[in-house]
Amino acid sequence: MRLVLLGPPGAGKGTQGDRLIERHGITRLSTGDMLRAAVKAGTPVGLKAKDIMARGDLVPDEVVIAIIDDRLKEPDVQNGFILDGFPRTVAQAEALDKLLAAKGIRLNAVVELKVNEGALLKRIETRIAEMTARGEQVRADDNPEALKKRLDAYRVQTAPLSAYYGKKGTLLEIDGMLPIDDVSGVIEAKLKALS
Ligand code: ADP
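Residues numbered from 1 in each chain as written. Predicted model: local features only at pLDDT ≥ 70, side-chain atom pairs only at ≥ 80, totals over all residues. Heavy atoms only, no water.

Draft legend 1. Structural view of the side chain of D142. Structurally, D142 is set in the loop between α6 (117–133) and α7 (144–158). Among the residues examined, D142 registers a relative accessible area of 5% and is labelled buried. A polar contact of 2.9 Å, which involves the side chain of D142, links it to the side chain of R150. (Helix = DSSP H or I, 4+ residues; strand = E, 2+ residues; numbered from the N terminus. Buried < 20%, exposed > 50% of the residue type's maximum accessible area, 1.4 Å probe, protein only. Polar contact = N/O pair within 3.5 Å; in protein donor to acceptor, adjacent residues only side chain to side chain.)

Draft legend 2. View of the site of the ligand. Surrounding the ligand, one finds 18 residues, the nearest of these being T31, R36, D57, G85 and Q92. For the ligand, an oxygen atom lies 3.1 Å from a polar atom in the side chain of R139. At four residues, helix α2 (residues 31–41) tops the list of elements feeding residues into the shell around the ligand. (Near = heavy atom within 4 Å.)

Draft legend 3. Main features of the packing of α6 against α7. Two numbers describe how α6 lies on α7: the axes approach to 12 Å, and their chain directions differ by 140°. You can see that α6 and α7 cross each other, and the crossing is right-handed. When α6 is examined against α7, the residues E117, L120, L121, I124 and R127 are found in contact with a partner set consisting of L147, R150, L151 and R155. Of the residues contributing to the contact of α6 with α7, the split by class is five nonpolar, no polar and four charged. (Axes fitted to C-alpha atoms, helices over the stretch in contact; angles between N-to-C directions. Left-handed = near helix turned anticlockwise from the far one by under 90°. Contact = heavy atoms within 4.5 Å. Nonpolar A, V, L, I, M, F, W, Y, C, P; charged D, E, K, R; others polar.)

Draft legend 4. Looking closely at the side chain of S162. Assignment of secondary structure puts S162 in helix α8 (residues 160–168). On the basis of relative accessible area, S162 is assigned to the buried category, the value being 15%. Here the side chain of S162 touches E112 through a polar contact of 2.8 Å, side chain to side chain. In this structure S162 touches L6, E112, L171 and E173, once residues within four positions along its chain are discounted.

Draft legend 5. Layout of the sheet that holds strand β5 (residues 171–175). If you walk across this open sheet you meet the five strands as β2-β3-β1-β4-β5, and the pairing is parallel. Looking at strand neighbours, the two that pair on one side only are β2 (27–30) and β5, the edges of this open sheet. The sheet shows a mean angle of 20° between the axes of neighbouring strands, direction not considered. Summarising the sheet, strand β1 (residues 2–6) and strand β4 (residues 109–114) pair through four bridges and their orientation is parallel. (Pairing = 2+ DSSP bridges.)

Draft legend 6. Quick look at the pattern of salt bridges. One pass over the full model with this rule turns up 21 salt bridges. In this structure, the salt-bridge partner of E173 is K114, at a minimum N-O distance of 2.8 Å. Of the two residues, E173 is situated in strand β5 and K114 in strand β4; the sequence distance between them amounts to 59 residues. Across the pair R150 and D142 runs a salt bridge whose closest N-O atoms are separated by 2.9 Å. The exposure classification of R150 matches that of D142, with both residues buried. The network of salt bridges with shared partners includes R127, R139, D141, D142 and R150. (Salt bridge = Lys/Arg side-chain N within 4 Å of Asp/Glu carboxyl O.)

Draft legend 7. Summary view of the environment of M131. In this fold, M131 is placed in helix α6. Apart from the residues lying within four places of it in its own chain, the contact partners of M131 are E136, Q137 and V138.

Set out below in structure tokens:
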């Protein structure tokens, strides 16, 4: 199974992604996690991405495309994968199409979690408060200013992917406002209907 998980910050991609990888035995490829690891390790990519990410802006397409290109060559993704946080622009989606075509594989589905913006802000505020209460370190971009930019970037650069994949017929639109278990149930039902 090869999936893309699409949705704004706070939509529940982390939670639903965890369940999908467990249920289907596939590997998660999160560009956000990979970039944060690069920042932490101080690699050339990390140095380039650090300030951009902290502001809530998108890292240049060529940087993330190169990361995904490398990652798709590794053995653990050959059984299937879920892309989380990639593609985030139409240029990235086109690059992904080319990478997959070169391997002779295609996506089974793009799972889009739809949540309204008021709820997103509230969810992220709650997440920040809970992490702080537990004494955990909050992400550099989990502050109101960067969050606004991340939502803007989603609306302007990423939301058009919904139409892009809709035209290809691979889009599964999911109501992300439902309780967590219901969201998982709807995703599984729709994936089952595909096969
Ligand atoms: P969220 O979905 O909560 O905003 P992510 O962990 O997916 O968080 O991404 C965090 C940041 O990493 C983004 O705001 C952006 O700066 C960078 N990033 C992650 N994936 C991409 C991508 N595909 N293209 C460009 N930038 C990306």
